[in-house]
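# Structure assessment
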Amino acid sequence: MTALQKKEHNPVAHMTPEDIDSLGKELDAVRAEIIDSRGAKDAAYIRRTIDVQRKLELGSRAVLLFSKYKPAFALGTAGLTVSKILENMEIGHNVMHGQWDWMRDPKIHSTTWEWDNASPADLWKHSHNELHHTYTNVLGRDNDLGYGIMRVDEDQPWVPFYLGQPVWNFINACFFEYGIAAYDLELGKYMKGRKDKAVFKRDLGKVGQKVRNQMTRDYVIHPLLAAPTGSWGTTLMANALSNLGRNLWTHSVIMCGHFPEGVETFTKTSIEGESRGEWYLRQMIGSANISGSKAMHIATGNLSYQIEHHLFPDLPSNRYAEISVKVRDICERYGLQYTSGPLPKQVASAWMKVIRLSLPNHIAAKVKFPSRRKPVTPTALPSRRVDTGEVAA
Amino acid sequence: MAHLLSDGPTQNAAGRAPGGAGWRSRAFKLLKATTTPLLPEDYVDLFDPLRTSTVLRARVVDIVAETEDAATVVLRPGRTWRGHVPGQYIRIGVDVDGVRMWRAYSVTSGPREDGCIAITIKAITGGAVSTHLVESLKVGQIVQMEQADGAFVLPEVLPHKILLLTGGSGITPVMGILRHAVEDLDDVILLHSAPRPEDVIFADELRELGANDRITLVERHTDEHGLMDTVELEALVPDWRERETWACGPAGMLEMLEGHWQQAGHAHRLHTERFRPALAEPGEGGTVYFTKADREIECDGARPILDIGEEAGVLMPSGCRMGICYGCVLPMREGSVRDLRTGEVTSATPGDGILIQTCISAAAGRCDLVL
Ligand SMILES: Cc1cc2nc3c(=O)[nH]c(=O)nc-3n(C[C@H](O)[C@H](O)[C@H](O)COP(=O)(O)OP(=O)(O)OC[C@H]3O[C@@H](n4cnc5c(N)ncnc54)[C@H](O)[C@@H]3O)c2cc1C
Ligand code: FES
């Protein structure tokens, strides 16, 4: 935890190795409990979600056949946007995490799933599941942290390029799925000559094919189908808007997951030889939740429970809500920050950080940015309870 | 008969254009471009799960209790069902507590106008699938299934004299055969064992066939008469040597029969169907590495790699789950596995691609399987 210890407030300084160990055991128990109780109800949930999403998509596309009429355009566009969001977030992202592999249904399995996104499933799974989830918030290892084009921590040296980062971030938001495809391709690494040319070419071919398929569907076939009613232009527009809508939404949700104030970053060396407990700890304090309604949680693919998702990326998303109660309690007892807030607040906070870090440290220091990081007092730290003679739980 | 990868992942995104070039395949391509990354059938499934041409499913249309712990399930198979030969089994996949599980069941129905087929299941204490089917399945539910398979069937030229030897739920394939062929058979002896009279599945129908002299029915009740031995067999069916024989029942019974027929030099006249493999002493386990999935799984030496892989969430191809259909075969690149039935160890040296049946193979040290 050396990266943390450098900070003015080290959020884990109060924990002994024994505390961290006990934290790991408690979280392992939470995990085991969910695995033991996984069953028919959960299976029904994901099947129902897929059913609803596909019917919504079909319905919306049918309505768009008449999109030259304004109400049809509005309804169809809204429906298609929601359907695309569900497909990527609550379904695609989570299925590809293997959250539903336990059902052994080849139709809903991480190894067979393909999603409506520019990044092909296998590339995404590699960079997301293997890199992002393993190296969560580790500077220089986690692509999600600034997507390689942004300055995400005061420790990163400032160069004038970063002045534009609020703009880069906005552009990335609008074309987010292509941004994802680009960093799943490890475009940055390739440009620096650190990626095998043959592999890059092969992957590029896959992405190209995927993008071609998506574009043909959204911008050629469906508009053509709507042509007989004179709705081809509005259908094309509706597809473009729903793709834009989904891009902005997913970008916001993902930015909220690791970027708001209060979320910690780590250095490469700090995670060497990490124990299970330390790994859990990094996932917890490196992520932030979004609070809100059930519909909001589903629309974020339950990534609003980012902390729980990072602790247990392969547990079914519909169970994160109940896991969060336990995790919050653990955080209280161990004196750990459980970062959470409503969507607008978290989005604003993340953007503030983007803006702050676009400036050199000495200038940023002069501008007052609200700090959300306040020390948390542990209510029942195992090591202290033993100190006072109480029996550890 | 082997259907390699028959239960393998049906890739949502992979191209699976139906055969035949021309306008049909072009139309299908266009349809696929409309639904990408899904397939058109994924949308058809929303409204009619039996229509799809790539996976076979069935709807449960009736459930009939047979005995205290056995029930017959009538199924309407989907569009691509190719029919069965009496005596064959089908595999069905059901979601037990959310988890897809596959088991084989013999087809028990006779000729039907409506295209439905039936299977009859005896609930086994602690049995995941059999208990689910008998106790929790509901009319109207969809189950996954596969085309019929199996060689426990009558030959084309019907033998004059037949002996059918069954025990417990082993009556099922035999019932399937009798319901189709009893009118064409001249001389049939059915020697059936069950614990008590009330445990006999299809009792009324069998006893009626016996009463009408269609078959000679010899019913034994093991709670009262004990397990049958060769002496009793000789006494009950003195002319067994002259009879083409089909036997299905518990492993012990089948072993006894196989030994007896072998000794008499009549092994070729005995046809058996096993519901479970007979197992040898287990050995040490090991680590199985699935090369394509890049997953490493610890396996003990007593359980099939198939079961352990499935439990770990790996999508494993499978079939009969007892070593007869080769539906579970995977190439082994390196390492060793032990045949759970014989204890025999098979090893591969790097570069090999020895095909092993995961349903009857346990890990014996480390081994790399291509999946
Ligand atoms: C070709 C073929 C045809 C078959 N046809 C039929 C059929 O027509 N009707 C039918 O009821 N079954 C039939 N079976 C058996 C069936 O496939 C299942 O094995 C059986 O229903 C048990 O499955 P389960 O999931 O309930 O038990 P599992 O959960 O797999 O096993 C639970 C426990 O029961 C034991 N066990 C498994 N099978 C038996 C058994 N037969 N007797 C005693 N203990 C057992 C296991 O070793 C285990 O300890 C057939 C099997 C094959 C291979
Ligand atoms: S599943 Fe039939 S041989 Fe293995």
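Position numbers for residues count from 1 along each chain, tracking the sequence in the order it is written. Here chains are named by letter from A upward and ligands by number from 1 upward, in the order in which they appear as written. Local features in this predicted model are restricted to residues whose pLDDT is 70 or higher, and side-chain atom pairs enter the listing and the counts only when it is 80 or higher, whereas totals over whole chains, interfaces and linings include all residues. Processing note: side-chain calculations cover all non-hydrogen atoms of the structure and skip hydrogens and water entirely.

### Focus on the overall build of chain B
The helix count covers DSSP runs of H or I at least four residues long, the strand count covers runs of E at least two residues long, and both are numbered beginning at the N terminus. Secondary structure summary: chain B contains nine helices and 17 strands in total. Each radius of gyration is computed over the set of C-alpha atoms, and the globule rule expresses the reference value as 2.2 Å times the number of residues to the power 0.38. Since a compact globule built from 371 residues should have a radius of gyration of about 21 Å, the 22 Å found for chain B is in line with a globular shape. Referenced to the eigenvectors of the C-alpha coordinate spread, the extents of chain B come out at roughly 65 × 50 × 40 Å. By definition in these notes, contact holds between two residues if any of their heavy atoms fall within 4.5 Å. Long-range pairs, those at least 24 residues apart, make up 66% of the contacts in chain B between residues at least 6 apart in sequence. When charges are tallied, Lys and Arg are placed among the positive residues and Asp and Glu among the negative ones, while His and the ends of the chain are skipped. Taken as the charge location is NZ of Lys, CZ of Arg, CG of Asp or CD of Glu. Looking at charge distribution, chain B has the averaged site of its 36 positive side-chain charges lying 9 Å from that of its 53 negative ones.

### Comments concerning the packing of aromatic side chains
Stacked, edge-to-face and tilted labels apply to pairs of Phe, Tyr and Trp rings (six-membered ring for Trp) whose centres lie within 6.5 Å, assigned for plane angles under 30 degrees, over 60, and everything in between, in that order. Here the structure, examined in full by the defined rule, presents nine aromatic pairs over all chains. With centroids separated by 6.2 Å and ring planes inclined at 40°, the aromatic side chains of W100(A) and W102(A) adopt a geometry described as tilted. Centre to centre, the rings of F161(A) and Y162(A) are 6.0 Å apart; their planes meet at 65°, and the pair counts as edge-to-face. In this scheme, a residue with accessible area under 20% of its type's maximum is buried, one over 50% is exposed, and one in between is partly exposed, where area comes from a 1.4 Å probe on protein chains only. For F161(A), a relative accessible area of 45% translates into the label partly exposed. One aromatic cluster is present, formed by Y45(A), W100(A) and W102(A) through successive ring pairs. Taking NZ or CZ as reference, R282(A) lies 5.9 Å from the ring centre of F266(A), over its face. Lysine NZ or arginine CZ positioned within 6 Å of the ring centre and within 35 degrees of the ring normal marks a charge as sitting over the ring. The ring of F202(B) carries the charged tip of R179(B) above its face, separated from the ring centre by 4.8 Å.

### Structural notes on the site of ligand 1
All names here are of chain B. The rule for a residue being near a molecule or strand is that one of its heavy atoms must lie within 4 Å of it. In the vicinity of ligand 1 there are 21 residues, among which A104, Y105, S130, T172 and R276 approach most closely. Counting of polar contacts relies on pairs of N or O atoms within 3.5 Å, with two restrictions inside protein: one atom must be capable of donating a hydrogen and the other of accepting it, and residues adjacent in sequence are counted only when both atoms are side-chain atoms. The backbone of A104 places a nitrogen or oxygen atom 2.6 Å from an oxygen atom of ligand 1. The side chain of T172 places a nitrogen or oxygen atom 2.7 Å from an oxygen atom of ligand 1. Among the secondary structure elements, those contributing two or more residues to the shell around ligand 1 are β4 (99–106), β5 (117–122) and α3 (128–135).

### As for a positive patch on the surface
All names here are of chain A. Each patch is built from residues lacking any salt bridge and having more than 30% relative accessible area; the joining distance is 9 Å for like charges and 5 Å for nonpolar side chains (Val, Leu, Ile, Met, Phe, Trp, Tyr). All accessible areas in this document rest on Shrake-Rupley with a 1.4 Å probe, and a residue is counted as covered only by the protein chains that are shown. Whenever Lys or Arg places a side-chain nitrogen within 4 Å of a carboxyl oxygen from Asp or Glu, that contact is recorded as a salt bridge. A cluster of basic residues, R141, K192, R194 and K268, forms a positive patch at the surface. Considering the arrangement of structural elements, one finds R141 in the loop between α5 (121–132) and α6 (165–174). You can call R141 partly exposed: its relative accessible area is 36%.

### What to know about the confidence of the model for chain A
Atom-level detail of predicted coordinates should not be read off regions where pLDDT is low. pLDDT gives the predictor's per-residue confidence on a scale running from 0 to 100. Confidence in the prediction for chain A averages 89 pLDDT; 92% of positions are at 70 or higher. A low-confidence stretch, residues 1–6 of chain A (pLDDT under 50), is modelled with 19 contacts involving residues beyond four sequence positions or located in other chains.

### Topic: the pattern of salt bridges
All names here are of chain B. Applying the stated rule across the entire model yields 56 salt bridges over all chains. For E219, the salt bridge is made with R207, and the minimal N-O distance between the two is 2.7 Å. Residue E219 is found in strand β9 (residues 216–221), and its partner R207 is found in helix α5 (residues 203–211); the two are separated by twelve residues along the sequence. For E219, a relative accessible area of 22% puts it in the partly exposed group. A salt bridge links R241 to E234; its shortest N-O distance comes to 3.6 Å.

### Topic: the pairing of strand β8 (residues 187–194) of chain B
Residues and elements named next belong to chain B. Buried residues dominate β8, accounting for seven of its eight residues. Bridging between strand β7 (residues 161–167) and β8 involves seven bridges; their strand directions are parallel. For I162, the partnering residue across the bridge sits in β8 and is V188. Pairing between β8 and β9: six bridges, direction parallel. The partner of S193 across the bridge, within β9, is R220. When the strands point away from the viewer, a crossover counts as right-handed if the route from the first strand across the helix to the second turns clockwise. Handedness of the β-α-β unit built from β8, α5 and β9 comes out right-handed. A pair of strands counts as paired when DSSP detects no fewer than two bridges linking them.

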